[in-house]
Each structure stands twice: as C-alpha cells, then as structure tokens.
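# Examining the three-dimensional arrangement
Chain by chain, the residues run as shown.
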Amino acid sequence: MVGIKPTDLAPSASVKFFGAGTAACIADLVTFPLDTAKVRLQIQGESKAVGEALEVRYRGVFGTIATMVRTEGPRSLYNGLVAGLQRQMSFASVRIGLYDTMKQFYTRGSENASIVARLMAGCTTGAMAVAFAQPTDVVKVRFQAQARLPDGIKRYNGTMDAYRTIARDEGVRGLWKGCMPNITRNAIVNCAELVTYDIIKELILKYDLMTDNLPCHFTAAFGAGFCTTIVASPVDVVKTRFMNSTACQYSSAMNCAVTMLTKEGPTAFYKGFMPSFLRLGSWNIVMFVSYEQIKRAMTRAQQSWESPF
C-alpha cells in the first residue's frame, strides 16, 4: 500500500501476509452478523425458482437479525464463524497480503504503479486466494444458510463434519462448488476494494488532505467498501445461491443467474444490498485500519528484534 515514508522501514512480505489474515479475522468477528443477514436475504426467494410458494421471512438488515435472534437464538448470527475465520486467515492473507508483492511484480519493482498494473495485481491475488481457500467459503455459506431446512434439522453438525459430508455426498469437487463465479466475484472485489483504497489513500496523501493515520485509513476504507458493494453485489448473489444449492438445482453458475432473472427479475441481483454495504463498508473500515496498525506494530517489533542495541 502507499503511504510509507522514505525513513520508515517498509513491511516485509511475511508481515503483510500474516497481518492481512489477522486483520481480516478481526473484521469478520465484528461484522459476521451482517454477513449472515446478507446471506439469508440473498437466498430468500430461492424456493420460488423451483415452483414453491414464496414466503417472505426476512425484511431488511435489522429485521433479518431480529428474526434470527427471536426464532433461532443469538448464536445463529455466528453460524459458520469457525469456517469464516479459517477462510479469512487463508483467503485474506493471499488476496490482500500479496497484493503489494504482485503489484511490484507487474511494475518490475517500480514504485509508480499504473491503474492497469494495480487491476492486474488485484485480479491475480483474488483468483489465487479463491483457488486456495474455496472449501472454507463453501462451508461458511452452507452454515449461514442452514435455517432453510424444515423442522430444525441441520445439514451439518460442525465445521469438520461439513467438510467430510460435502466431500462424501458431492465428491471433492463439491468443496470447490461455485469456484468460477467466486473467482469472478473476488477478482472484481479485489480490484474494487484494494485498488480503490490504494488510489483514495494515495490522493489524500498527495494533496495533504490528511496524514497517513487513522482518519485517512477510515476514509479510504469507507470509499472502497461503497464502490465494492455496487460493483460486486450481482456476482455475490449468484455465488451465494449457487454455493448453497442442492445437487442438480442449478446446472451451472450461469444457469443460476438466468433462473434468478427469469423467476425473480433483475432486482434479485441486488437482494441483500444494504447488509452487503453495511457489512463491506464496516468490514473494510475495521480490516484496513487494523491492517495498517498491525503492519506498523509488526514492522517495529521486527526492527527491534533485528536491532536490539
């Protein structure tokens, strides 16, 4: 990321890698209920696509959260948290932690990265992260959507049981279900999120609007979250529907998108937009602010360790 002064010790690749994963886990702990509400709103109406009557159970972000707490208990807001933290530790470490390294690769070490180089770096690390961490995302989404089953029956009894059950019933490929739409989504998200944050922060520092500190990080992160939600919401809805679907419900991610369009109309692609924005906006703020502080703390610790005297 931009903002390092010449006199500062630049964070190493390992500091960025582990710092990004840690910051993403902190952000997930804070915003996970919003993510769960988003998933519930996104899959609402899916029954209509297979010929059943539509029951509108959830209305709005906070209405969804209130309904879940009332009918399933507060713990339901954190269904899939373990898989979510596993996902962030492996996923964010790659897509965020390796972004600067990949940006330098495309610019051949130059500090002046063009928008094209930043977009290519974002797409590359986003695709790499999905290929590596997709099973954790599948399990997280399945847990968050469990309330769809009748009579309180749960699809999975635990995180490890979910991995085993999916591999047994759907094959190992089931753990990578929705991989292609997720690669598409995360290429878009990474470009919108990281590149937007990078550019906004760079402009703020260039024109001396703020110093390289918390208010600057907060502003850049909020802008990145808003842009990301607008761009990525349609792909995110398709990804969630497809990953949560039962066997043979959709033949492909494209079939899922076409079914949504024909049965529910174009507005279906922006279902759960408000929780998506609340979640992505708050997630970006917590993650980037934490990431910047963790990078600085780890870099100082590393510097002290290497130069004790």
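Residues numbered from 1 in each chain as written. Predicted model: local features only at pLDDT ≥ 70, side-chain atom pairs only at ≥ 80, totals over all residues. Heavy atoms only, no water.

The chain is annotated in an unreviewed UniProt entry as Dicarboxylate carrier UCP2 of Chanos chanos. Taken directly from UniProt, the Sequence similarities (unreviewed entry) text for the chain runs: "Belongs to the mitochondrial carrier (TC 2.A.29) family." As its UniProt record puts it under Subcellular location (unreviewed entry), the chain is described as follows: "Mitochondrion inner membrane". (UniProt positions renumbered as here; feature names shortened; annotations may be inferred.)

## Looking at the overall build of the chain
The helix and strand tally for the chain stands at 10 helices and 0 strands. Along the chain, from the amino end to the carboxyl end, the secondary structure elements read α-α-α-α-α-α-α-α-α-α. A total of 309 residues make up the chain; the buried ones form 53% of that total. Sequence-distant contacts, at least 24 apart, represent 77% of the contacts inside the chain between residues at least 6 apart. (Helix = DSSP H or I, 4+ residues; strand = E, 2+ residues; numbered from the N terminus. Buried < 20%, exposed > 50% of the residue type's maximum accessible area, 1.4 Å probe, protein only. Contact = heavy atoms within 4.5 Å.)

## Focus: the nonpolar core
In terms of nonpolar packing, the biggest core is built from 22 residues, with Ile96, Tyr197, Trp283, Met287, Phe288 and Tyr291 touching the most fellow members. Considering every element that reaches this core, the biggest residue donor is helix 10 (residues 273-306), with 7 residues. Here methionine 287 is in contact with Ala23, Ala24, Ala27 and Ile96, once residues within four sequence places are set aside. (Core = buried A, V, L, I, M, F, W, Y, C linked by side-chain atoms within 4.5 Å.)

## Some details on empty space enclosed by the protein
Scanning the entire structure with this criterion turns up 2 cavities of 30 Å³ or more. Estimated volume of the largest cavity: approximately 150 Å³. Forming the boundary of the largest cavity are 20 residues, of which Lys38, Arg87, Gln88, Arg185 and Arg279 lie nearest the centre. Elements that contribute at least two residues to the lining of the largest cavity include exactly helix 1 (13-43), helix 3 (81-95), helix 5 (115-144), helix 7 (179-206), helix 8 (214-244) and helix 10. Here the residues of the lining of the largest cavity sort into 6 nonpolar, 4 polar and 10 charged. Roughly 70 Å³ of internal volume is contained in the second largest cavity. Every residue lining the second largest cavity is listed: Asp35, Lys38, Arg185, Thr229, Ala232, Ser233, Asp236, Ser276, Arg279 and Leu280. Counting only elements with at least two residues in the lining of the second largest cavity, the list comes to helix 1, helix 8 and helix 10. With 4 residues, the single largest contributor to the lining of the second largest cavity is helix 8. Its residues assigned to classes, the lining of the second largest cavity comprises 2 nonpolar, 3 polar and 5 charged. (1 Å grid on protein atoms, 1.4 Å probe; cavity = no way out; pocket = protein on both sides within 12 Å on 5 of 7 lines; lining within 4 Å. Points joined across faces, edges and corners; volume = space filled by probe spheres on them. Nonpolar A, V, L, I, M, F, W, Y, C, P; charged D, E, K, R; others polar.)

## Let's talk about the packing of helix 5 against helix 7
Running from N to C, helix 5 and helix 7 cross one another at 135 degrees; their axes reach a closest spacing of 7 Å. With respect to helix 7, the axis of helix 5 lies oblique. Between helix 5 and helix 7 lies a crossing of right-handed hand. Between helix 5 and helix 7, the residues in contact are Ile115, Arg118, Leu119, Gly122, Cys123, Thr125, Gly126, Ala127, Val130, Gln134 and Asp137 and Cys179, Asn182, Ile183, Asn186, Ala187, Asn190, Cys191, Val195, Asp198, Ile199 and Glu202, respectively. Split into classes, the residues belonging to the contact of helix 5 with helix 7 amount to 11 nonpolar, 7 polar and 4 charged. (Axes fitted to C-alpha atoms, helices over the stretch in contact; angles between N-to-C directions. Parallel < 35°, antiparallel > 145°, perpendicular 65-115°, else oblique. Left-handed = near helix turned anticlockwise from the far one by under 90°.)

## Comments concerning the environment of glutamine 88
Along the polypeptide, glutamine 88 turns up in helix 3. Sequence-wise, glutamine 88 and isoleucine 26 are 62 residues apart; in three dimensions their C-alpha atoms are separated by 9.5 Å. What glutamine 88 contacts, discounting residues up to four positions off in sequence, is Gly21, Ala24, Cys25, Asp28, Ser93, Arg279 and Trp283.

## What about the packing of aromatic side chains?
One pass over the structure, following the stated rule, counts 8 aromatic pairs. Geometrically, the ring pair formed by phenylalanine 32 and tyrosine 78 is stacked, given 6.0 Å between the ring centres and 10 degrees between the ring planes. One end of the pair, phenylalanine 32, is in helix 1; the other, tyrosine 78, is in the loop between helix 2 (61-72) and helix 3, with 46 residues separating them in the sequence. Since its relative accessible area comes to 0%, phenylalanine 32 is described here as buried. (Phe/Tyr/Trp six-rings, centres within 6.5 Å; stacked < 30°, edge-to-face > 60°.)

## Some details on the confidence of the model for the chain
With 90% of its residues at a pLDDT of 70 or more, the chain shows a mean pLDDT of 85. Ranking the elements of the chain by mean pLDDT puts helix 10 last with 87 and helix 4 (residues 99-107) first with 92. (pLDDT = per-residue confidence, 0-100.)

## Here we look at the side chain of lysine 177
Within the secondary structure, lysine 177 sits in the loop between helix 6 (159-170) and helix 7. Within the buried set, lysine 177 has no salt-bridge partner at all; the shortest N-O distance to an opposite charge, 4.3 Å, is to glutamate 170. Once residues lying within four places of it in the same chain are set aside, the contact partners of lysine 177 are Gln134, Val138, Arg142, Glu170, Phe242, Met243, Ser245 and Thr246. (Lys, Arg positive; Asp, Glu negative; His and termini not counted. Salt bridge = Lys/Arg side-chain N within 4 Å of Asp/Glu carboxyl O.)

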